[in-house]
Each structure stands twice: as C-alpha cells, then as structure tokens.
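A look at the structure
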Amino acid sequence: MRYLQKLVFTLLSLFLVGCGGSDDDGGGETASITLNVSQITASVYQNDTYEVDVTVNYQGEGVLVGMPKGVNEVPIWLGVDEQSISSKQAVFRVYLHGNIDTGVYNSVLRFVTAYNNGSVAYKDVPIELTVKEPLVFTVVAGKQNVTLESMISVSDSGPVEGNSTYITYDAFSDWDWLDVEVVNNQYKAKIIKTDLSVGEHVGYIEFLDQNYRFRKVKIVYLVTEPEFNIGNVNKLTINNETIASELNMTIPVTPTSEGVIWNVINSSSMISVTQNLNSVDISLEFDLLSQNNGIYQQWIEFEYQYGDLLFPKTRKIEFDVEIDFTDIQQISPYVLYTSDEVTVRVWGNNLMSLTEEDFKAFTPIIQSVNYISDNEVELNIKANTTEQEINFSIENRLDYLRGEAKVVVRHTPVFPVASINLPENPASKVIYDSERERFYFRSYSNWTNLLYEISHDNEQWIVEQIVGESPKGLAIIDNGTQLLTSSVACSMTKIDLDTKVTADAPSVTHCGYMDFGFIGQYYTGETVVIDTNQWPSIYNYPNWELATVNYPSVYSPNAILSKNGTHLIWADSTGISSPRNAYVYDVRNNKFNELDTNGSYDFYLNSFSISATGERASYQNSIYNNEAIVIGSVGLNDDIWNRTFVSLDGSYAAHYDFSERQIEVYDIQSNEGVFFKIGSPLVVNEEAVYINEIQFSEDNRYIFVFASNLNDEIYKMYVYER
C-alpha cells in the first residue's frame, strides 16, 4: 500500500501515464472529470482501517490526485493507492487509518485532469473520519457460562454510497476466547471461554470480501473482580461501661455476582470468627482485654473463587478495636513503712476520671490527691501503725480485672550490721525485694550462671541458691509477686516470690545466638527482654514482638532500669579504644537523653546507677538530673576504679574512693553546685577492694556494699548503719 505523499506526481508525468504517451496537444478539446463519490464519510474503531474505491471518469491526458491549493500537510491518517488506469477511467483506493486518537477529523482530496492546451478540470471530495473507542465488553467474573454478545452490522464495514461489490462474505477470529458467526447479514461477536483471568483481553475480528480486501474490528473484553457488599464495620471501643454482649458483632458479606464461593481462612489472634451464608459473626477474645489501652487493628481474611479460575483470590476486612479502660498500672513505691508520711506515684489510664473520693475509697490513709496528667497521679499517704496490704483496682462491667496494684505497709526494717561471705561474685545488678527484705543476684562461674537469694532473720544473713536454668537476666515484675529470669538458652522462668515455686514462662522460638541479659518492667506494666549479645534486639514480653521504640544503636548494651520503671540507662559496653555512648531513656515521653561522659570508654555495668524515680543518675563521679545533664560531681578524682551510686530517693550518693579504700556519702539534692559530705567515711575491708555495687535502704539508714577481690576469690556483702 502506498500513501498519498508518495503519489503526488508532477502533472506532466500523470498525463503521460494517463494518455499512454501521446504527442497530441489536445487541440481544442475541453477537459472534464466525474467521480462516483461526492464525499467520503467513515467511522472506524481505533487501529482499524477503512477503505473505499473512487472511480474517476475523465476527458484529459491523465489524472492527478492531491491536496487542494494551500493545503501543504497531508494527514497521517489518509492514504491513496492506484488500482487501475486507462485513457478514460481510473480507479483509486482511498484508505482512512484509525491509528490516531479518538475524535473527528476532516480533510479534502482533489482529483485533477487536463489537456496540454491548458484546459483543466478537477473535483474536490470532502473527507470526514470519526475514530471511535474499540468495542469494549465487560463482565463481572463469577457468572457461570458467560454468553456476552455484541452485534456487529455489515453496514458498519460497508461502503458509504452503496457499492454493492463491497459485501463482507466472511469473518473470523484467531483468539481462543472469541468467536464470530453470521446472523441475518449481521455478525455476532461471542465470548466462548468462561475461565478467563481478571484483566483486559484484546482480540480482533477480521472481515474479508470477495476481492480479499479486509478490515479488522478490535474487541476489548474486560474481566473484573467480583464485588462484595460488606456492611459498615465501625471501630469498637471497650471501656468501663462495655458489657459482654458488646464484644460480639455481625458483619454482612454478600458477593454481588452469582457463582462466587467464599470462605474465611484466617483472622487476627484476638478475635474468633464464625462464617454464615452471607455474614460473619465476630467475638473478641478476652486476651484482648489484657492489652494496654490503645487502638488494635483486627482483620478477617477470606478466600473467594469464581467461574473456573485456577487461582483463588483473597480479601481482608479490617477494623479497629480501641481499649480505653480506666485502670491502675503501678504504684511506686508500693512498700510503705508504718507511721511514715510519703508521696507515692500512681500510673494508669484515664485517672482524671477518678475523683479524690474515688482514691480515698481504696484506703482512708490517703491524705490528698495531686493530678499530674491523665496517666499520672501523686498520692500523699500517711501510713498507720498497723501492717497491712491495700489493693487498688477499678471495677468495670465486664468483671475483668485490669491493672490491679497494691500498697504494702510494713514496719521499718532493722537489718543486721555485718560482713557476709558470698559464695560467688555478683555478675548482675543486685535486685532488692522491698516487700520481703531480700536481695537476688546472678553469678557466673565455671561457665555456669547461678541464682542466689540473700535474706535475714533479724539476727543474721542467710545466703541460698535458688534452683533455676542458668539464669542470665532477672527482674521482679507483676507488682512484686514474680521473679522473671531468662537463661542463656533463651528459655524463661517465673519464680513465685512467696512460695518459691518455679514455672516455665513463654519463651522465644527463634533463639539463635541471642543472649537475653536484661529483663525490665516499665511503669506501664510492659515487660521488655533485651538480647545483649553484641548488636541488640529488644522484645516485648510475653508476645516476643520486636519493640517499636527506636533504641539508639549500642554495642552489647548495659541496661539499668529505675525501680519505678520510668527511666532506663542504655549504654555501650566498654570499648577498646573508641569512645562509647550512654543515654537515659524517659519511658513516659519516649525520649532518649545522651549522657555527657567526657569521651570515656570505661563503660561497665557498675559504672552507672539511677534513683528509683530517675531524678538522679551517676557515672563514675558525675551526678546527672533526669534530663541527663551533669549537675555536679563527688569525690576528688575520677579514678577508673572509683564508683558512685545514688540512693533510691535521689537524695544521696555513696562514692567509693579506690585509693583511700573508703566510702563517702554526699547530699546531692541541690540542682547545681558543690555537693557536701554527710557523716564520717565508711572503711572497706582491705580483703575486698573492688566495689561492684552500693545500695541504700529505702529509708537511707543502711548502706549495702557488694565487693570482691577476684585474685583471692573473696566475695563480700557489707552492711553499714549510718
């Protein structure tokens, strides 16, 4: 096929072709021209071609086909090809190509004849081409035996002015999903496969006449996903007023297409699902209620299949469950002493919904209530003279216990002042159980971790080993009722602190080379277990999900949690040459403040200490406030073997001077400036010269010193009364 721009010859050359090369100059004859068409109007689908023959009867030396004067650009959609030519008649085939954007296009063809005597005749044929979108058929997958049909008329592909020779005799398709048949001189496109995949399928129907001229009609068959009518799924809110029936709901699930088969295949762990014909019944598991307040996304996944498709599809229904209980998570300190007046902190949720009278309903020893935030309240308590236990819990209509906390009133302890031999060197922070007046520590000897308890009977100290599976990390959790330990094999054990009964606890299933050297329970009740082997991973316990908090990158972390669970020291282990980093993490506002350690790399676990509330922290001889800012120092030097430990209430610091072998106590209540010594120095026995840890009793009357001399294998606990 040749396009028009290739067919615009010079007038002379066409005359030569048209008249067979005659030397006659035309004499006095007059040129004339007639056409079998006066205009060409066609409508085609995109990428289709329309063609029509133009018969030219003329008196002249030949025929020229071109554009009228002044039209310099030939449309890309227009083409002309010569079919035959004689001295009186020529046939040209005009092609209109739909390979352009949809729309209406116009142009003009000029047919010209002439004699050499200057007589000229021409005819202009206006052309209008409409380019349409392809034929598009859509069906929703899911219907069986799809018989979608579209009638294609012969006149749509026939000549404009009734050229009876342009009759379509046959039509065919080479696509296995598309067929065509003749029905009363019309053509019916049929979709003959029912298992087509979702998506767009493109095919063509070709029309052929007796002269083997053809055109194609593009067929686009779109198979779409079936739709489901799913009822509104609103967020569920569970609070103190929620009743049991409100933990259930029904969600309508109805496919909009026939023949769709669907089945629930999975759901989130906090819900149970029952499938019905056109709905699912959902029940919230009570385990969900034990979660901290917050929004928890729940989901149901169902699988559906339609027609004969080989690959079923899945879909999820998602909805939120918001837990918004008023509850109490922790009270600190929870051990009070008879006749003492003390301020305790209460942490929980929606605490401002409780009045002062609500708090006093727990116990009449509450003198006043100071609301700090919806999650934190101060109680001023004047303990009576009788030992007792006071339970704090908020009732709800589900009768589900949420965040029970307690206060224990005890007589002020009197500890035996003594020097106690320890069987092993403490290899962890020594944990003090205020309620039972006991210490717990881990040792490491001969490649084995052992767990020890130090208690007293008012006259002497008793050191006993507790059975456990090579404990590595340990922490008192659950309002002082349980001692949770982790082993080097990543198994977890709970020890009831009243009965000493041990029980296995949920353990991680993907241990590998992890070393769970730290366990801590934040003030919110959230327990974290930290892999302290080189680059750490932090897990929430007991679900073993990775913590979402972005902890700074440290190497084999030293981690020390304040007694009330609000502040965490998070530091590198000792380096060989490069400076290390240390931070104080404020759990309440999820903020890490970096400790200025003057570029030191002497980072041992016993290099740091922190008060019960996080208001004071120490590193070597520096004292920091709760924002990790240095506010002063104690001692005369910062020898590498010197140690400083702050009291639980943050009022005092005990500083061990290695060169003098003595402990000085400093008042560190000031927010800046020089700290002053209190009382006389405490002399440490020469046989145990390295201090692992110093602790104050909660009333600051006693000082407990854990010391060692590794060379002589001497391990000591000294108890001093101030």
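These lines cover the structure that appears in this document, whether it is placed above or below. Note that this is a predicted model, so its numbers are computed, not measured.

Details of the overall build of the protein
Helices and strands together make up the secondary structure of the protein, namely two helices and 58 strands. When contacts within the protein are restricted to residue pairs at least 6 apart in sequence, those whose partners lie at least 24 apart make up 56%. Surface accessibility of the protein: about 33,800 Å² in total, with carbon and sulfur atoms responsible for 46%.

As for the side chain of Arg93
Relative to the elements of secondary structure, Arg93 occurs in strand 6 (residues 89-97). Within the structure, the side chain of Arg93 is placed 2.7 Å from the side chain of Asp53, a separation counted as a polar contact.

Observations regarding the sheet that holds strand 31 (residues 419-421)
Taken in spatial order, the four strands make up an open sheet running 31-58-57-56, and their pairing is antiparallel. Each edge of the open sheet is held by one strand with a lone partner, namely strand 31 and strand 56 (690-696). Taken over all neighbouring pairs, the strand axes of this sheet differ in orientation by 20 degrees on average, direction set aside. Where strand 57 (residues 702-709) lies against strand 58 (residues 714-721), eight bridges are found, and the strand directions are antiparallel. Counted as the bridge partner of Ile703 is Tyr720 from strand 58.

Considerations on the packing of aromatic side chains
Per the counting criterion, the structure on display carries 38 aromatic pairs. A centroid spacing of 6.1 Å and a plane angle of 55 degrees characterise the contact between Phe92 and Phe111, whose relative ring orientation is tilted. Placement of the pair is Phe92 in strand 6 and Phe111 in strand 7 (residues 103-114), with a sequence separation of 19 residues. Residue classification places Phe111 among the buried positions, given a relative accessible area of 1%. Ring centres 4.7 Å apart and planes at 40 degrees place the aromatic pair Phe362 and Phe392 in the tilted group. One end of the pair, Phe362, is in helix 2 (residues 356-362); the other, Phe392, is in strand 29 (residues 388-392), and 30 residues separate them in sequence. Relative accessible area serves as the criterion here: at 1%, Phe392 is assigned to the buried category. An aromatic cluster is defined as three or more aromatic residues linked by ring pairs; in this entry it consists of Phe415, Tyr432, Phe439, Trp461, Tyr702, Phe704 and Phe706. Residue placement shows Arg110 over the ring face of Tyr122; its charged tip is 4.1 Å from the ring centre.

Overview of the nonpolar core
Formed by 32 residues in total, the largest nonpolar core has its most connected members in Ile40, Val56, Val94, Leu96, Leu109 and Phe111. For this core, the elements supplying multiple residues, two or more each, are strand 1 (32-35), strand 2 (40-45), strand 3 (49-59), strand 5 (78-85), strand 6, strand 7 and strand 8 (120-132). Membership of the second largest hydrophobic core comes to 27 residues, among which are Val280, Ile300, Phe302 and Ile317.

Comments concerning the environment of Lys677
Structurally, Lys677 can be placed in strand 55 (residues 676-683). Classification of Lys677 as partly exposed rests on a relative accessible area of 47%. Taking the C-alpha atoms as reference points, Lys677 and Asp667, ten residues apart in sequence, are found 6.4 Å from one another. Excluding its chain neighbours within four sequence positions, the residues that come into contact with Lys677 are Glu664, Val665 and Tyr666.

Concerning unusual backbone geometry
Excluding glycine, residues mostly have negative phi values, and the peptide bonds linking residues are mostly trans. Following Ser332, the chain continues into Pro333 via a peptide bond in cis, with omega recorded as -5 degrees. You can see Pro333 is positioned in the loop between strand 24 (327-332) and strand 25 (335-337). One non-glycine residue, Asn350, adopts positive backbone phi at about 55 degrees. Summarising the element assignment, Asn350 is placed in the loop between strand 26 (341-349) and helix 2.

So, the pairing of strand 53 (residues 652-657)
Here strand 53 lies mainly inside the structure; six of its six residues are buried. Side chains Tyr652, Ala654 and Tyr656 of strand 53 all project onto a buried face; the interleaved residues Ala653, His655 and Asp657 project onto the opposite face, where all are buried too. Pairing geometry for strand 52 (residues 643-646) and strand 53, over four bridges, is antiparallel. Directly across from Val646, in strand 53, lies its bridge partner Ala653. Where strand 52 folds back on strand 53, the antiparallel hairpin that results is connected by five residues, among which Gly650 adopts a positive phi of roughly 75 degrees.

Here we look at the pattern of salt bridges
In this structure the tally under the stated criterion is 21 salt bridges. Ionic pairing is found between Glu322 and Lys235, a salt bridge with its closest N-O pair at 3.0 Å. Within this pair, whereas Glu322 is found in strand 23 (residues 313-323), its partner Lys235 is found in the loop between strand 16 (228-230) and strand 17 (236-238), the two being separated by 87 residues in sequence. Where Glu453 meets Arg438, a salt bridge forms, and the shortest distance between an N and an O atom there is 3.8 Å. Placement of Glu453 in strand 34 (residues 448-456) and of Arg438 in strand 33 (residues 438-445) is noted, with a sequence separation of 15 residues between them. Residue Glu453 is classed as buried on the basis of its relative accessible area of 2%.

Conventions used here
Per chain, residues are indexed from 1 in the order of the written sequence. Where totals are concerned, whole chains, interfaces and linings use all residues; where local detail is concerned, this predicted model gives features only for residues with pLDDT of at least 70, and gives and counts side-chain atom pairs only at 80 or more. To obtain the side-chain values, all non-hydrogen atoms of the structure were used and water was disregarded. Secondary structure follows DSSP: runs of H or I at least 4 residues long count as helices, runs of E at least 2 residues long count as strands, and numbering of each begins at the N terminus. Working rule for contacts: check all heavy atoms of both residues, and any pair within 4.5 Å makes them a contact. To measure how exposed things are, a 1.4 Å probe is used in the Shrake-Rupley method; for residues, cover is taken only from the protein chains shown. Identification of polar contacts relies on pairs of N or O atoms within 3.5 Å, with a donor-acceptor requirement for protein atoms, meaning one able to donate a hydrogen and the other able to accept it, and with residues adjacent in sequence counted only if both atoms are side-chain atoms. A pair of strands is labelled paired if DSSP reports no fewer than 2 bridges between them. Lines fitted to C-alpha atoms define the axes here, with helix axes fitted over just the stretch in contact, and angles between the N-to-C directions of these axes take values from 0 to 180 degrees. Note on ring pairs: Phe, Tyr and Trp rings are taken, using the six-membered ring of Trp, and paired if centres are within 6.5 Å. Classes follow the plane angle, with under 30 degrees stacked, over 60 edge-to-face and the rest tilted. Accessibility here uses a 1.4 Å probe with only protein chains present; expressed as a share of the type maximum, an area under 20% marks a residue as buried, one over 50% as exposed, and anything in between as partly exposed. Any Lys NZ or Arg CZ that is within 6 Å of a ring centre and within 35 degrees of that ring's normal is treated as a charge sitting over the ring. Here, nonpolar core refers to any group of buried Ala, Val, Leu, Ile, Met, Phe, Trp, Tyr and Cys residues whose side-chain atoms link them within 4.5 Å. Any Lys or Arg side-chain nitrogen found within 4 Å of a carboxyl oxygen on Asp or Glu counts as a salt bridge.

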